[in-house]
Amino acid sequence: MKLSTPAAQFASLYDGTPKLIMVGADASQDPGAIPLRILRLVRHDGGYLLLSGDTGAAEGEALRSLAIPPAAVRMLWSCDEAARRDAERLLGWWQEAGGPDSAPPQVTGDASSLLHGLLAQAFGEIDGLHRRNAGLQRTLSTLREEWGRSARLPPEAVELLDALRLSPPRLVFATPRPVGALAVPLRHGRIGAEAAEIVQRLPAGARGLAGLDLHLDRAPMGSGVLAIALTGVETGEILAEWRLPFGELRSGWLPLRLPAASTRMDRLLDLRIGAIGVVTEAPRLSLAQAGLLDEYAVAPPARAIGQPAMLALRLWGGLPGLEYGAAAHLAPHPAPDRMVWPLTQPVLAQVRKGRDFEATFPWFGLLRGGRILLHPLHGVVTAAHIPLDEVPGAVAVRARAVIDDPRCRTAIACKLVVAPPALTVDEAEREQGVLASSGWMVMEEPRRPLDLAAVLAAPWSGPMALHLFTDIPDRGHGLYGRTIFSDFELEIDSRTAWANPPIQSEAAEEGIAATP
């Protein structure tokens, strides 16, 4: 069957307006006031023409053939038995073009028969709506009953349940390597005096803060106390306070800890540092370049290599309210004295090729989000390494590898090796003189991450290098074997990472740092 329509009326056949198709020579008779758009089917040039209402095709107007049945047709009306044959041809074409059960219902007769058919159709749809509405009401009632019986957990409890593995404190901020020093002024009296103290704005809020590290460029000589206070800028309250006798201080990183990760909501924190006593040489705190963080420059103003400076510090965070002391960790955590040091984008930006190869596609590079691309190549072992200048007491290195391209059908092997900086790539691949290795691990399918862990036999402090390797075990071509390394972390042993033992806050123990 050949079915066409005037080009000007083509788009209107597929809108959402409910339609009625009238078939037959008597199709011009009035069907009555019905809220449907009338379409007329008439014979034309050996086929059929579908016209909208009383509008016919203009002389010479272009026609468009219909390959898809019109939309939203509610009824096919044959005005008499003579038109029924044309209607059946239309229905046959409809079933072929639109699929089974796609044709609208057909009615034959006068206008009253049409109205009767439309009314029966409307009642049938109303009954279906009633049934669906009753089903929705029953579902809603069931959901209300289940909701009433279920206990609603507060957000803090949900957060705690998500972290039941009790991950150790994580490094949330670290300044670059120290490049200068600032002497701590001597004063008399308690913390709070505007003069004779150093004020450092912290680039983190109070919530989740578990502690911080300060770097002592030079330990003091003499008798006295180094007084450090953590205060909230908005409230002026002291959140934590440390008093450290000069005789117990040594040069290096000074770990200051809170008994529990803070639950306070203070957004702005100041670290106030002063010294009390009689000394021949005042304590000196290391400085690092503030870079773009001008708002965190130390007061009184100091400069490091000609640029605004801030105190060299590290901030550690954890789950608010969770105690991270060595005796307070719960049994599920295997290493209570461990801390996690995520490798950030500036550190990972030092990644370099371990070997040079030529390929027609990118096989190595640093991607957004601290991800490293190391695509394996046919017949060779690809390698990359990340130099780490300063590592305090590392006991394990972890990373994640994944085949990024879902089209890959080749198994890919990968390896993470921790080595001293003087070790060559070939020696690291052979694991000759290395500190730790994850060993070769194979990824069998794409998009399934593989965790790599290199555990050191003893804590390591000082520079090290991380070596990454990929290979194709079956010596194939490794098509689409795009391998990505990410989520690099160092696990730090807090008992050997710092020259000074962790120092608990005095104010927190007295309840000053409790949640108001």
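On a predicted model such as this, the values are computed, not experimentally measured, just so you know.

Reading the values: rules and limits
Residues numbered from 1 in each chain as written. Predicted model: local features only at pLDDT ≥ 70, side-chain atom pairs only at ≥ 80, totals over all residues. Heavy atoms only, no water. Buried < 20%, exposed > 50% of the residue type's maximum accessible area, 1.4 Å probe, protein only. Helix = DSSP H or I, 4+ residues; strand = E, 2+ residues; numbered from the N terminus. Pairing = 2+ DSSP bridges. Core = buried A, V, L, I, M, F, W, Y, C linked by side-chain atoms within 4.5 Å. Contact = heavy atoms within 4.5 Å. Axes fitted to C-alpha atoms, helices over the stretch in contact; angles between N-to-C directions. 1 Å grid on protein atoms, 1.4 Å probe; cavity = no way out; pocket = protein on both sides within 12 Å on 5 of 7 lines; lining within 4 Å. Points joined across faces, edges and corners; volume = space filled by probe spheres on them. Nonpolar A, V, L, I, M, F, W, Y, C, P; charged D, E, K, R; others polar. Expected span 1.5 Å × (residues − 1). Arc of directions from axis to C-beta. Phe/Tyr/Trp six-rings, centres within 6.5 Å; stacked < 30°, edge-to-face > 60°. Lys NZ or Arg CZ within 6 Å of the ring centre and 35° of its normal.

Asks: Hey, could you go over the pairing of strand β20 (residues 338–342) for me, with residue numbers and the actual values?
Replies: With four of five residues buried, β20 lies mostly within the body of the structure. Here β20 runs beside strand β29 (residues 483–493); their pairing, made up of five bridges, is antiparallel. Paired with Arg338 across the strands is Asp493, a residue of β29.

Asks: Lay out the nonpolar core with the relevant residues and their values.
Replies: Soluble globular proteins tend to bury their nonpolar side chains together. Within the largest apolar cluster, 44 residues are counted, with the highest numbers of intra-cluster contacts made by Phe485 and Phe488. Contributions of two or more residues to this core are made by β20, β23 (371–374), β24 (382–403), β25 (412–419), β28 (450–471) and β29. At nine residues, β24 tops the list of elements feeding residues into this core. With near-sequence residues (within four places) excluded, Phe488 lies in contact with Trp341, Pro342, Leu343, Leu348, Gly370, Ile372, Ile386, Arg398, Ala399 and Leu468.

Asks: Requested: an account of the sheet that holds strand β10 (residues 198–201), with residues and values cited.
Replies: Read across the sheet, four strands follow the order β10-β15-β12-β13 without closing on themselves; strand pairing throughout is antiparallel. For this open sheet the edge positions go to β10 and β13 (238–245), each flanked by a neighbour on one side alone. On average, each strand axis in the sheet is tilted by 15° relative to the strand beside it, whichever way the strands run.

Asks: Go over the layout of surface pockets, please, and point to the residues and values.
Replies: Approximately 720 Å³ is the volume found for the largest pocket. What lines the largest pocket is a set of 26 residues, and nearest its centre among them are Ala174, Thr175, Pro176, Trp341 and Val347. Going through the elements one at a time, β8 (170–174), β20, α4 (345–348) and β24 are the ones with two or more residues in the lining of the largest pocket. Split by residue class, the lining of the largest pocket holds 18 nonpolar, four polar and four charged.

Asks: Could you give an account of the sheet that holds strand β5 (residues 63–65), with specific residues and numbers?
Replies: Read from one edge to the other, the open sheet built from seven strands follows the order β5-β1-β4-β3-β2-β6-β7, with strand pairing classed as mixed. Only two strands of the sheet have a single partner each, and these edge strands are β5 and β7 (106–108). Geometrically, the sheet is characterised by an average inter-axis angle of 30° between neighbouring strands, direction not taken into account. Of the strand pairs in this sheet, strand β1 (residues 3–6) and β5 are connected by three bridges, and their pairing is antiparallel. The partner of Ser4 across the bridge, within β5, is Ser65.

Asks: I'd love a proper account of helix α1 (residues 84–98), names of residues and values included.
Replies: Counted at 1.5 Å a residue, the expected span for α1 with its 15 residues is 21 Å, and the 20 Å between its end C-alpha atoms agrees. Looking only at α1, the buried set comprises Asp86, Ala87, Leu90, Leu91, Trp93 and Trp94. The arc that holds every buried residue of α1, seen down its axis, measures 165°, which confines them to one face. Counted as exposed and oriented over 90 degrees from the buried face of α1: Arg85 and Glu96. Among the structural elements, β1, β2 (19–23), β3 (37–44), β4 (47–52), β6 (73–78) and β7 are those in contact with the buried residues of α1.

Asks: Please give an account of the packing of aromatic side chains that cites residues and values.
Replies: Tallied over the entire structure, the rule returns six aromatic pairs. Pairing Phe357 with Trp363 gives two aromatic rings, centres 5.7 Å apart and planes at 65°, and the pair type is edge-to-face. The exposure class assigned to Trp363 is buried, which follows from its relative accessible area of 5%. In this structure an aromatic cluster arises from ring pairing among Phe357, Trp363 and Phe364. Taking NZ or CZ as reference, Arg314 lies 3.8 Å from the ring centre of Trp253, over its face. When the ring centre of Phe469 is taken as origin, the NZ or CZ atom of Lys415, which lies over that ring, is 5.5 Å away.

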